[in-house]
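# Chain and residue survey
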Amino acid sequence: MRISVIGLGYVGTVSAACLAQDGHHVMGVDLSQTKVDLINKGQSPIIEPEIGDIIPKLVQQGQLTATTDVTDAILRTDISLICVGTPSRANGSLDLTYVERVCKQIGTALRKSSSFQVVVARSTMLPGTMRNMVIPTLEKHSGKKAGKEFGVCNNPEFLREGTAVYDFYHPPKTVIGEVGSRSGEILASLYKGLDAPEILVDIETAEMVKYTDNVWHALKIGFANEIGNLCKAFGVDSHKVMDIFCHDTKLNLSPYYLKPGFAFGGSCLPKDVRALIYKGRCLDLELPILNAILPSNELQVERGLNMIMNKGNKKVGLFGLSFKAGTDDMRESPLISIVERLLGKGFDIRIFDENVNIASLVGANRDYILNHIPHIYDLMDESMDAVLEHAETVVIGNNAKEFRDIHERRRDDQVLVDFVRIFDHKSEEGKYDGICW
């Protein structure tokens, strides 16, 4: 295919070279005459392993050229990749000056084109940028409609400096946010030879994926460093600890615990976090990430409480009291905190949790249930139907399988507050409210 890559910085140069190496005809575009001249001389404008060897061959073969003329590049190509920078301003916000300027130039060029062109943003931008700035700018200056007369996609990159060429050909995933299936199909054809899952989504999801990845990487580094500081104070080898930690790909390095939802609880996590941050204080260590875990968890409890209270209904039916499904353990269950606060504010609450009902008769937690939370146990009912009949606001507290059809059984006048995404649905005013979705 004929591809233009606008912005010959790190991402743009790597993308242009690798796509040209795949057999596509690529035109690199940049305002810097120096970068353009370097490319056309067969030299790389960036320092990156392998790129310096790839570019001379591609230029000699005529697969890769460069220009400062955006309009000429757009009119000569079928797909345009926006790879310009989005640097930080002093207040932390993104400077979208370069993106907006390029979109104006592309839009003006599209006005002169009779073919269906696809404009692809690879620059890192916050969710909503495509919808609120990129697309309106392209439409205004082209006089055409996105998704109909030209295509638009968001295509985040996952390139690491130092291994960018390898990462281009071995990505963890290929994410394409599309405006119209035609746009996504054309862009996806560029990556058909890659051994990576292809994920077609809406453009806002694609925009958010990149930020989620990068913030997670930053958090991992900060977390490992804080554990390392604790290990050194304990006289423990931090690398041995983290090597063992990373051996666990079932829980530690896995999708487990990475589904947005309600707060954590139970007998282990709160207790162990408290113990570690207390010891850190004793050792005079600053551990801002570890110290933020419990306050962040408490904010999620507050969020859930406010969701229930803001419905304006006094009768509440709670399904699930233990901190997770399949257990009768209520030690530090955030749902108990929710119930106690609602009681204090005069709410009329009924609760159903089959495991807790059984435990009150024969379980190991019988003493805790009857002696530590009798005021809450008195609110429990043995019938799901009775709790559902009572409720004006229905709350799903854990994802026990018996709760999965509650949304189908509720009355039209009931609103459902879901802490666990018991079914795949987006929040709907007055009907359904998910805590993180």
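Just above sits the structure.
Structure report, in brief. Keep in mind that this is a model prediction, so the values were computed, not measured. All residue numbers refer to positions counted from 1 along the written sequence of the respective chain. Local features in this predicted model are restricted to residues whose pLDDT is 70 or higher, and side-chain atom pairs enter the listing and the counts only when it is 80 or higher, whereas totals over whole chains, interfaces and linings include all residues. Note that water and hydrogens are dropped before the side-chain values are worked out from all heavy atoms of the structure.

## A few points about the overall build of the protein
We apply this condition: Helix and strand assignments come from DSSP, with helices taken as H or I runs of at least 4 residues and strands as E runs of at least 2, each series counted from the N terminus. Accessibility here uses a 1.4 Å probe with only protein chains present; expressed as a share of the type maximum, an area under 20% marks a residue as buried, one over 50% as exposed, and anything in between as partly exposed. Only heavy atoms matter for contacts: two residues are in contact if any of them lie within 4.5 Å across the pair. Under the convention used here, a 1.4 Å probe and the Shrake-Rupley method define accessible areas, while residue burial counts only the protein chains that appear. A residue counts as positive if it is Lys or Arg and as negative if it is Asp or Glu; His and the chain ends are not included. Each charge is placed at NZ for Lys, CZ for Arg, CG for Asp and CD for Glu.
Regarding its fold elements, the protein presents 18 helices and 13 strands. With respect to the principal axes defined by its C-alpha atoms, the protein has extents near 80 × 60 × 40 Å. Looking at the protein residue by residue over its 437 residues, the buried ones come to 47%. Excluding contacts between residues fewer than 6 apart, the proportion of contacts in the protein whose partners are at least 24 apart in sequence is 68%. Carbon and sulfur atoms provide 52% of the accessible area of the protein, an area that totals close to 22,100 Å². Distance from the positive charge centre (48 side chains) to the negative charge centre (57 side chains) of the protein: 4 Å.

## Some points on unusual backbone geometry
We note that glutamate 50 has phi near 80 degrees; this positive angle belongs to a residue other than glycine. Of note, glutamate 50 is situated in the loop between α2 (33–40) and α3 (51–61). Owing to a relative accessible area of 45%, glutamate 50 belongs among the partly exposed residues under this scheme. Its identity is not glycine, yet tyrosine 257 carries a phi of approximately 70 degrees, on the positive side. Relative to the helices and strands, tyrosine 257 is located in the loop between α10 (238–247) and α11 (269–282).

## Considerations on the layout of surface pockets
Worth spelling out the cut-off: In the cavity and pocket records, a cavity denotes points on a 1 Å grid over the protein atoms alone where a 1.4 Å probe fits but cannot get out, a pocket denotes an open set with protein on both sides within 12 Å along at least 5 of 7 lines, and lining residues are residues with an atom within 4 Å of a point. Grid points are joined across faces, edges and corners, and a volume is the space filled by probe spheres set on the points. When residues are sorted by character, Ala, Val, Leu, Ile, Met, Phe, Trp, Tyr, Cys and Pro go into the nonpolar class, Asp, Glu, Lys and Arg into the charged class, and all the rest, Gly among them, into the polar class.
Estimates place the volume of the second largest pocket at around 780 Å³. The wall of the second largest pocket is formed by 36 residues, among which Val11, Arg122, Thr124, Glu157 and Lys210 lie closest to the centre. At the level of elements, α1 (10–21), α5 (97–111) and α9 (203–234) are the ones that each hand at least two residues to the lining of the second largest pocket. Residues that form the lining of the second largest pocket fall into these classes: 16 nonpolar, 11 polar and nine charged.

## Observations regarding the pattern of salt bridges
Put simply, the test is: Within this document, salt bridges are pairs made up of a side-chain nitrogen of Lys or Arg and a carboxyl oxygen of Asp or Glu, the two lying within 4 Å of each other.
Across all of its chains, the model carries 19 salt bridges by this definition. Across the salt bridge formed by lysine 271 and aspartate 272, the nearest N and O atoms sit 2.8 Å from each other. A salt bridge links arginine 274 to glutamate 332; the nearest nitrogen and oxygen atoms lie 2.5 Å apart. Highlighted residues: arginine 274 in helix α11 and glutamate 332 in the loop between β9 (315–319) and α13 (334–344), separated in sequence by 58 residues. Overall, the relative accessible area of 37% leaves arginine 274 in the partly exposed class. Within this structure, Glu298, Glu302 and Arg341 form a network of salt bridges that share partners.

## Details of the nonpolar core
Spelled out, the test is: Only buried residues count toward a nonpolar core, which is a set of Ala, Val, Leu, Ile, Met, Phe, Trp, Tyr and Cys residues joined through side-chain atoms within 4.5 Å.
Counting residues in hydrophobic clusters, the biggest one holds 44 residues, and the most contacted among them are Phe319, Leu321, Ile351 and Phe403. The set of elements that each furnish at least two residues to this core consists of α12 (288–309), β9, α13, β10 (348–352), α17 (384–390), β11 (393–396) and β12 (415–418). When residues in this core are grouped by element, the largest group, five residues, is from α13. Those residues in contact with leucine 321, other than ones at most four positions away along the chain, are Met330, Ser333, Leu335, Ile336, Val339, Ile351, Asp353, Val356, Ile376, Met380 and Asn398. Grouped together as the second largest cluster of nonpolar side chains are 40 residues, Ala16, Leu58, Leu159 and Ile176 included.

## Topic: the packing of aromatic side chains
Formally: Ring pairs shown here join Phe, Tyr and Trp side chains whose ring centres sit within 6.5 Å, with only the six-membered ring taken for Trp; geometry is labelled stacked below 30 degrees between planes, edge-to-face above 60, and tilted in between. Any Lys NZ or Arg CZ found within 6 Å of a ring centre and within 35 degrees of that ring's normal is scored as a charge over the ring.
Counting across every chain of the model gives six aromatic pairs. Where phenylalanine 168 meets tyrosine 169, the ring centres are 5.2 Å apart and the plane angle is 80 degrees; that geometry is what we call edge-to-face. You can call phenylalanine 168 buried: its relative accessible area is 6%. Aromatic pair phenylalanine 352 and phenylalanine 403: ring centres 6.3 Å apart, planes at 75 degrees, arrangement edge-to-face. Here phenylalanine 403 lies in the loop between β11 and α18 (406–409) and phenylalanine 352 lies in strand β10, a separation of 51 residues in the sequence. With a relative accessible area of 1%, phenylalanine 403 lands in the buried category. Here the aromatic residues Phe319, Phe352 and Phe403 are joined through ring pairs into a cluster of three or more. Over the aromatic face of phenylalanine 347 sits the side chain of lysine 314, whose NZ or CZ is 4.3 Å from the ring centroid.

## Focus on empty space enclosed by the protein
On inspection of all chains with the given rule, the structure shows two cavities of 30 Å³ or more. Roughly 120 Å³ of volume is contained in the largest cavity. Secondary-structure elements contributing two or more residues to the lining of the largest cavity are α7 (164–169) and β7 (174–179). A breakdown of the residues in the lining of the largest cavity according to their chemical character gives eight nonpolar, two polar and four charged.

## Some thoughts on the sheet that holds strand β2 (residues 25–29)
Quick reminder of the rule: Two strands are said to pair when DSSP picks up at least two bridges between them. Here, axes are lines fitted to C-alpha atoms. For helices the fit covers the stretch in contact, and angles between N-to-C directions go from 0 to 180 degrees.
Sheet architecture is open: eight strands sit in the order β3-β2-β1-β4-β5-β6-β7-β8, paired in mixed fashion. Taken across any chain shown, the strands that pair with only one partner, and hence form the sheet edges, are β3 (64–67) and β8 (198–201). Averaged over all pairs of adjacent strands, the angle between their axes in this sheet comes to 25 degrees, without regard to strand direction. Relative to strand β5 (residues 118–121), strand β4 (residues 79–82) is paired through four bridges, and the arrangement is parallel. Looking across to β5, one finds that isoleucine 82 is bridged to alanine 121.

## Observations regarding the pairing of β5
Put simply, the rule is: Handedness is read with the strands pointing away from the viewer; a crossover is right-handed when the path from the first strand over the helix to the second is clockwise.
Neither face of β5 is exposed, since Val118 and Val120 on one face and Val119 and Ala121 on the opposite face are all buried. Following the backbone out of β4, through α5 and into the adjacent parallel β5, one traces a crossover that is right-handed. Pairing of β5 with strand β6 (residues 151–154), which is carried by four bridges, proceeds in the parallel orientation. Looking at the pairing, valine 120 lines up with cysteine 153 of β6. In terms of handedness, the path from β5 via helix α6 (residues 129–142) over to β6 forms a crossover that is right-handed.

## Regarding the sheet that holds β12
On the basis of which strands lie adjacent, the open sheet formed by five strands has the order β10-β9-β11-β12-β13 and parallel pairing. Single-partner strands in this sheet number two, and they are β10 and β13 (432–434). Sheet twist, expressed as the average angle between the axes of neighbouring strands with direction ignored, equals 20 degrees. With three bridges joining them, β12 and β13 adopt parallel strand pairing. Counterpart to valine 417 in the pairing with β13 is aspartate 433. Those strands touched by α13 are β9 and β10, and its axis lies near 155 degrees from that of β10.

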